[in-house]
Amino acid sequence: MTKMRKVTLFLTLALVAMLMAGGLCFGAEKYPTKPIQVIVPFTAGGSSDLTARTVEKFWTKYSPQPMLIVNKPGAGGVLGEEFVVRSKPDGYILYVGQGSGHDLVMPHLQKMPFDPMKDIAPVARLSIHSIVICVSGKSPIKSMKDLIDYANKGNKITAAVSTAAGSVDLVMRAIAKRANIPITTVPFAGGADSTTALAGGHLVIGGGHPSEVMPHIKAGRFRAIGVALDRRDPTLPNVPTLKEQGIDVATWGSVKGVAAPLGTPPEIIEYLSSTLKKVCEDAEFKKAMASISQPIDYLNTKDWTAFMQRAYKDYGDLIKELDIKI
Amino acid sequence: MDIFTGLINGFSIALTGTNILFCFLGALIGTAIGVLPGLGPAATIALLLPMTYVIGSPVTAIIMMAGIYYGAMYGGSTTSILLNLPGEAASVVTCIDGYQMAKKGRAGAALGIAAIGSFIAGTVAVVGLTFFAPPLAEFALDFGPPEYFALTTLGLLLAVTLSGGSIIKGLIILFVGLLLAMVGLDPISGKIRFTFGSIVLQGGFDFVTLAMGVFGLGEILYNLESTLKTEIVTTKIGKVFPTLKDWADSRWAIFRGSVIGFFVGIIPGGGAVISSLASYAVEKKYSRHPEEFGHGAIQGVAGPESANNAASSSSFIPLLTLGIPGNAAIAMIFAALMIQGITPGPFLVAEHPDLFWGVIASMYIGNAMLLVLNLPMVGIWVQMLRVPYGILAPIIVLFTTVGVYSVQNQIFDIYSMLFFAALGYGMRKLNFDPAPLPLAFVLGPMVERSLRQSLLISGGDLTIFVSRPISGTLIAIFVLLIVGQTGFFIKRKRRGKKTPAT
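No experiment lies behind these values; they were computed from the predicted model shown.

Thresholds applied
Residues numbered from 1 in each chain as written. Chains lettered and ligands numbered in written order. Predicted model: local features only at pLDDT ≥ 70, side-chain atom pairs only at ≥ 80, totals over all residues. Helix = DSSP H or I, 4+ residues; strand = E, 2+ residues; numbered from the N terminus. Rg over C-alpha atoms; globule rule 2.2 N^0.38 Å. Buried ≥ 20, exposed ≤ 12 C-beta atoms within 10 Å, placed from the backbone. Contact = placed C-beta atoms within 7 Å. Nonpolar A, V, L, I, M, F, W, Y, C, P; charged D, E, K, R; others polar. Pairing = 2+ DSSP bridges. Axes fitted to C-alpha atoms, helices over the stretch in contact; angles between N-to-C directions. Core = buried A, V, L, I, M, F, W, Y, C linked by C-beta atoms within 7 Å. Domains from an automatic or database assignment. Expected span 1.5 Å × (residues − 1). Bend = angle between axes of the 7 residues up to and from the residue. Parallel < 35°, antiparallel > 145°, perpendicular 65-115°, else oblique. Left-handed = near helix turned anticlockwise from the far one by under 90°. pLDDT = per-residue confidence, 0-100.

A. Quick peek at the overall build of chain B. Secondary structure summary: chain B contains 22 helices and two strands in total. Since a compact globule built from 502 residues should have a radius of gyration of about 23 Å, the 22 Å found for chain B is in line with a globular shape. With the C-alpha coordinates of chain B rotated into their principal frame, the extents come out at 75 × 60 × 50 Å. Evaluated residue by residue, chain B yields a buried proportion of 58% over its 502 residues. At a minimum sequence separation of 6, the contacts of chain B that also span at least 24 residues come to 81%.

Right, dumping it as structure tokens:
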């Protein structure tokens, strides 16, 4: 019986300790007083996830409470964002990945369970990066011109894209339209999946974010033949843009933004936005982001909101022009 | 750096106090989450990722995470054998004969041979990894959509033939599994299917919910009907550890399972599941007493368990040599490496030899630790079966419910688990074997996606599946198996018709 008593005593003490620890968080202290949950609507290892985790690594330098990254993949990013939309706007749930395909592209194509332009509050933009068009390293194609010649000879062009109607898919279809060549886009289960298939040489071209394709380019398995931006990507200075090669396709690429549930108090949003700015200006953070090939391109709340509206409209126009339907 | 120098360097790193401690910690945590339903290795590694920046040395962090990953495979077999609860798709096959063995009082032997087989397989896989990693990784890249289609369809066929009992019933369950897998988003076009307007269903059903419902709760509901049974084990629990005879019976199964698991596990995607299926099918074929399978044949535990452990070790190959993660848990480890500024890929060996060889060396140590951890525990686990069912069943219900909720923190998952429980109960009442259901649920989406991708690539031309060497071979095996089965079927029917005439 003494053993039972000892166990009960220990458990009670442990319980009391836990309650006390929870209780200590009470009080009208300044935000944040407990860890902030950050939802990433994609699986680990992807560009949004890596960006979030890199931010998290340096966040505690500038904020008393850490970030807790939670991956909630599904429905191309919709499930994770929806979770945030329906969460309490108390400043302890954030969302990283705003500005991806499901925010800017999907609403034009299918019914969403919420409105990404209205039902969530933008906080800041962290990064924006291009879609890099690649071919297999063994391919004879060395530029977009080669690709067009290849197509005109009657060869089929298959393109590996990360998800249906995602940013890569759109770029491929835009290229097909503007360069007047037929491209069949083949969707996969995400960026890693599609770049793997391209690495195996199962498709003619593919597209992805610099962080996804860089290791393969370095290994000689991929050759980058174009980037879909207005200017060259700083991490790939030798790769010409599509516009330079005569194909008028430039999109906003993949945007990494941070958002919070609608109704989050403005002081909290201001705190988050300015702390994120400090993180973005940190030298070590810059180094870390460079190592995952993710350029830093900070925008504060006001500018980010305006950017989202503009990008959303641009994508809408592009989709109408390309006549894409699901 | 040649292999032996590298390995010796690796051991010198892996055998430091800190690294041994973290290897052990990883193995321990892995075993624990493998036993507990719900939390899987992917989610656990994700939770522990922030630790990687604090630990300091990336080698130590990866050693621990690798330990969690293959440790979970060891733990997963425990609940499969004792309670017919598969924690992961790769453990479903172990349930088939493992649980039967437990019912006959041979749980100890099953658990023991699973641990031993897993150790041998894990070690074989790491040896293979050490020597053959780069060329094998290139082989894995050759698997494009047509190959995946052929492989996963073969897996479906194996799933049907495994179920004891009639093929027709197996097919019915298979199709139910496929149907359940279709709920959610279309993988190619993103269209919403079978959600009846529900937003939660857009993500589809979750495997853990299905497994816990059909196998766990379904079994309990069915058992509630027979008031005579008071324990899971109806006969006396015999010797706790496997006997020498068990070893003699199983050693070839373990060897074959290791080899199958090693090679199939390299393929990103369905590696562990398909390898366990393939191993079971091979063992059934090579056995002198195939009728025992489904009723407690030890080879049916030894083979698949070895296969899935070998597969979990060989799944590191595409990660370390090509920088390609093969499944969710490996993807987490990939993320951990990237955050440290280490890009996994063909340059990993050259740029970070310490990390590469250190992790490989730690896997040898980790497998040994897991054997030492699990074997003595067998005696304790077996005692659990002595608990009166009236107490054990509610505890199982509690654990599975909490486990299912912990996956996504959604109440809806509990409701869907109840739905699956009703399904599982119905299946058992009508004498259907539920084993093909989770397998079809996991493999089905892969079949659909790879089929449609292949047809997109070929422009609708079906010959793409046979014109490529690897997929052609797999399709040929598939056809041979079907022809063989139908031939067997017809022969039996003819024999049946002849006897009344004589």
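Anyway, onward from the coordinates.
B. Summary view of the overall build of chain A. When its secondary structure is counted, chain A shows twelve helices and ten strands. With respect to the principal axes defined by its C-alpha atoms, chain A has extents near 85 × 45 × 40 Å. The buried share of chain A, taken over its 326 residues, is 51%. Across chain A, the fraction of contacts at a sequence separation of at least 24, relative to all contacts at a separation of at least 6, is 78%.

C. Here's a closer look at the interface of chain A and chain B. At the junction of the two partners, chain A supplies 39 residues and chain B supplies 39 residues. Mapped onto the side of chain A that touches chain B, the elements with two or more residues apiece are helix 2 (47–59), helix 3 (78–85), strand 7 (183–187), helix 8 (191–199), helix 9 (210–218) and helix 11 (283–291) of chain A. In terms of residue count, helix 2 of chain A provides more of the side of chain A that touches chain B than any other element does, six residues in total. When the residues that make up the side of chain A that touches chain B are grouped by side-chain class, the tally is 19 nonpolar, 13 polar and seven charged.

D. Highlighting the sheet that holds strand 8 (residues 205–208) of chain A. Residue and element names in this part refer to chain A. Here we have five strands laid out as an open sheet, ordered 7-6-8-5-9, and mixed in their pairing. Strand pairing shows two members of the sheet lacking a second neighbour, strand 7 and strand 9 (222–227), which therefore form its edges. Across the sheet, the axes of successive neighbouring strands diverge by a mean angle of 30°, strand direction being ignored. Pairing of strand 5 (residues 132–136) with strand 9 involves five bridges; the strand directions are antiparallel. Among the inter-strand pairings, Ser136 is bridged to a residue of strand 9, identified as Phe222. Most of the contacts of helix 7 (residues 167–179) go to strand 7, to which it runs at about 170°, and overall it touches strand 6 (157–161), strand 7 and strand 8. Against the sheet, helix 8 contacts strand 5, strand 6, strand 8 and strand 9, and its axis sits at roughly 150° relative to strand 8.

E. Broad picture of the environment of Ser313 of chain B. Residue and element names in this part refer to chain B. Along the chain, the position of Ser313 falls in helix 13 (residues 299–314). In this structure the C-alpha to C-alpha distance between Ser313 and Gly177, which are 136 residues apart in sequence, comes to 28 Å. Ignoring sequence-local partners within four residues, the contact set of Ser313 consists of Tyr70, Gly122, Ala125, Val126, Leu129 and Met363.

F. Highlighting the nonpolar core. With 258 residues, the main nonpolar core has Ile62, Ala110, Leu277, Met332 and Ile333 of chain B as its most contacted residues. Here this core gets 19 residues from one element, more than from any other, and that element is helix 7 (residues 107–141) of chain B. Both domains that meet at this core, namely domain 1 (34–129 + 254–322) and domain 2 (132–227) of chain A, each give it at least three residues. Residues in contact with Leu277 of chain B, not counting those within four places in the same chain, are Val93, Gly155, Leu158, Ala159, Leu162 and Leu439 of chain B.

G. Just helix 11 (residues 244–265) of chain B, in detail. Taking 1.5 Å of rise per residue, the 22 residues of helix 11 of chain B would be expected to cover 32 Å, and the 29 Å separating its terminal C-alpha atoms lies within 8% of that figure. Taking the largest bend as the criterion, helix 11 of chain B deviates by roughly 40°, centred on Ser250 of chain B.

H. Structural detail: helix 8 (residues 145–162) of chain B. For helix 8 of chain B, spanning 18 residues, the distance from its first C-alpha to its last is 25 Å, which sits close to the expected 26 Å at 1.5 Å a residue. Across the 18 residues of helix 8 of chain B, 16 count as buried, placing the element largely inside the fold.

I. Quick look at the domain arrangement of chain A. Residues and elements named next belong to chain A. Along its sequence, chain A is carved into domain 1 (34–129 + 254–322) and domain 2 (132–227). For domain 1 versus domain 2, the distance between C-alpha centres works out to 27 Å. At the interface, 17 residues of domain 1 touch 16 residues of domain 2. Across the side of domain 1 that touches domain 2, the residue classes break down as seven nonpolar, ten polar and no charged.

J. Expanded view of the sheet that holds strand 4 (residues 120–129) of chain A. Residues and elements named next belong to chain A. One open sheet holds the five strands; their spatial order is 2-1-3-10-4, and the pairing between them is mixed. The open sheet is flanked by strand 2 (67–71) and strand 4, the only strands paired with a single partner. Neighbour-to-neighbour, the strand axes of the sheet open up by a mean angle of 25°, direction not taken into account. As paired strands, strand 1 (residues 36–40) and strand 2 are joined by five bridges and run parallel to one another. Within strand 2, the position partnered with Val38 by the bridge is Ile69.

K. Spotlight on the pairing of strand 5 of chain A. Residues and elements named next belong to chain A. For strand 5, the tally of buried residues reaches five of five residues, placing the bulk of the element in the interior. With four bridges joining them, strand 5 and strand 8 adopt antiparallel strand pairing. If you follow Cys134 over to strand 8, its bridge partner there is Gly206.

L. Spotlight on the packing of helix 3 (residues 41–48) of chain B against helix 5 (residues 58–83) of chain B. Residues and elements named next belong to chain B. Where helix 3 contacts helix 5, the axes come no closer than 9 Å and their chain directions differ by 160°. Between helix 3 and helix 5, the angle falls in the class roughly antiparallel. Where helix 3 crosses over helix 5, the handedness of that crossing is right-handed. The segment helix 3 lies against helix 5, with Pro41, Thr44 and Ile45 engaging Met65, Ile68, Tyr69 and Ala72. For the contact of helix 3 with helix 5, the residue count by class is six nonpolar, one polar and no charged.

M. Structural context of the confidence of the model for chain B. In this model, chain B carries a mean pLDDT of 84, and residues with pLDDT of at least 70 account for 95%. Confidence estimates for the predicted assembly give a pTM of 0.81 and an ipTM of 0.77.

N. The environment of Ile482 of chain B, seen in detail. All names here are of chain B. In this fold, Ile482 is placed in helix 22 (residues 469–501). Judged by the 12 C-beta atoms lying within 10 Å of it, Ile482 falls in the exposed class. Between the alpha carbons of Ile482 and Leu157 there is a distance of 8.3 Å; along the sequence they are 325 residues apart.

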